[in-house]
Amino acid sequence: MSIDLTGLSARELGALIRTAKKQQTIVAKRRPITKVRAQLSKLAKTEGYTIEELFGGEPAPRARKVAKATKATKAPSKTAGRKLGKVAPKYRNPANPKETWTGRGKQPRWMAELTAKGSKKPEDFLIKKA
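Residues numbered from 1 in each chain as written. Predicted model: local features only at pLDDT ≥ 70, side-chain atom pairs only at ≥ 80, totals over all residues. Heavy atoms only, no water.

Enquirer: Please set out the overall build of the protein chain residue by residue, giving values where relevant.
Expert: In terms of helices and strands, the protein chain carries five helices and two strands. Listing every helix and strand of the protein chain by position from the N terminus yields α-α-α-α-β-β-α. Across the 130 residues that make up the protein chain, the buried fraction comes to 7%. A fraction of 17% describes how many contacts in the protein chain between residues 6 or more apart in sequence connect residues 24 or more apart. (Helix = DSSP H or I, 4+ residues; strand = E, 2+ residues; numbered from the N terminus. Buried < 20%, exposed > 50% of the residue type's maximum accessible area, 1.4 Å probe, protein only. Contact = heavy atoms within 4.5 Å.)

Right under this line is the structure:
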């Protein structure tokens, strides 16, 4: 990191020096990082955790489990982890009949391109029910 000192006045240089000395004192008083890491690792290990569980990485296996609803616990939300069933396609690409869309999610490129031109409407791609 470089600071352009040429444009600073005497007052600004003095303030910069005072700030730098304060920071130097703070850094000098800190314990070495290796000792702090060792202490944190030891404490985490005694509590049954790893550093990765506490500060990043994969969540602990026990944190991933979802509690089953019992009389004593609150029932899980109806939308949490809800899986939607399969839906029959609603729209079909006239140029390629294998390309279909259920109407859920983002509109497929083939449909977006044809409707953006203005020549077709989404209703034109509806699959006729037998």
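Enquirer: Talk me through the packing of aromatic side chains; I want residue IDs and the actual numbers.
Expert: Taken as a whole and judged by the stated rule, the model has two aromatic pairs. For the pair Trp-110 and Phe-125, a centre-to-centre distance of 5.6 Å together with 80° between the ring planes defines the contact as edge-to-face. Of this pair, Trp-110 sits in helix H5 (residues 109-116) while Phe-125 sits in the segment after H5, placing them 15 residues apart in sequence. A single burial state applies to Trp-110 and to Phe-125, both of which are buried. (Phe/Tyr/Trp six-rings, centres within 6.5 Å; stacked < 30°, edge-to-face > 60°.)

Enquirer: Go over the nonpolar core with me, naming the residues and quoting the values.
Expert: Counting five residues, the largest nonpolar core is built from Tyr-91, Trp-101, Trp-110, Met-111 and Phe-125. When sequence neighbours within four positions are dropped, the list of residues in contact with Met-111 reads Tyr-91, Trp-101, Pro-122 and Phe-125. (Core = buried A, V, L, I, M, F, W, Y, C linked by side-chain atoms within 4.5 Å.)

Enquirer: Would you mind going over the side chain of Asn-93 in detail, with residue names and values included?
Expert: The topology assignment puts Asn-93 in the loop between strand S1 (91-92) and strand S2 (100-101). Since its relative accessible area comes to 5%, Asn-93 is described here as buried. A distance of 2.5 Å separates the side chain of Asn-93 from the side chain of Glu-99, its partner in a polar contact. What Asn-93 contacts, discounting residues up to four positions off in sequence, is Glu-99 and Trp-110. (Polar contact = N/O pair within 3.5 Å; in protein donor to acceptor, adjacent residues only side chain to side chain.)

Enquirer: Mind laying out the confidence of the model for the protein chain, listing which residues take part and the relevant values?
Expert: The predicted model of the protein chain has a mean per-residue pLDDT of 81, with 80% of residues at 70 or higher. The least confident element of the protein chain is helix H4 (residues 61-64), whose mean pLDDT is 48; the most confident is helix H1 (residues 10-29), at 93. (pLDDT = per-residue confidence, 0-100.)

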